[in-house]
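Residues per chain, in single letters:
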Amino acid sequence: RANGEVISSVDRYRIYNACGKFNLNESADLVRRSKFVISHDTGLMHIATALKKQVISVWGNTVPAFGMYPYYGNTFTESFAASQTKQPFEIAEVKGLYCRPCSKIGYQKCPLGHFKCMNNIDLERVTALVNERLNRKG
């Protein structure tokens, strides 16, 4: 929740910190009303894709190659590609990190103590992806 406050303080008009404030149904409704969603590999990411929302998915000690990436179904992905130049989701991850993946389902703490899989996420790229979607029409 505290980290969400730091992030949302950048632009209180366009960023709302909902961390820990809603139950699952209420969270799904917020996703339904959103323009796009920034999420880790969590159930909320999967709810967003089920609702056909664009997703920026942030990955740490797990990897999309395990098959838990944002999945929209072939029909939606093909129609999205036909109407726009980009896919409906982006993956933000640290590629080539020797210790990654260290888990299929994630850990609360880094087993090696450095947490490079999250600390080295390219925040400028994530910011650019967010700005691109905020400025995108439709």
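Residues numbered from 1 in each chain as written. Predicted model: local features only at pLDDT ≥ 70, side-chain atom pairs only at ≥ 80, totals over all residues. Heavy atoms only, no water.

(A) Molecular detail of the side chain of Glu90. On the secondary structure map, Glu90 appears in strand E3 (residues 89–92). Those residues in contact with Glu90 that lie beyond four places of it in its chain are Val55, Ile56, Ser57, Arg125, Leu129 and Arg133. (Helix = DSSP H or I, 4+ residues; strand = E, 2+ residues; numbered from the N terminus. Contact = heavy atoms within 4.5 Å.)

(B) View of the sheet that holds E3. Spatially, the three strands line up as an open sheet ordered E1-E2-E3, and their pairing is parallel. Each end of this open sheet is capped by a strand with a single partner; those strands are strand E1 (36–40) and E3. Neighbour-to-neighbour, the strand axes of this sheet turn through a mean angle of 15°, independent of strand direction. The pairing of E1 with strand E2 (residues 54–58) spans five bridges and is classified as parallel. Bridge pairing in E2 links Ile38 to Ile56. (Pairing = 2+ DSSP bridges. Axes fitted to C-alpha atoms, helices over the stretch in contact; angles between N-to-C directions.)

None of this, on its own, says anything about what the molecule does.
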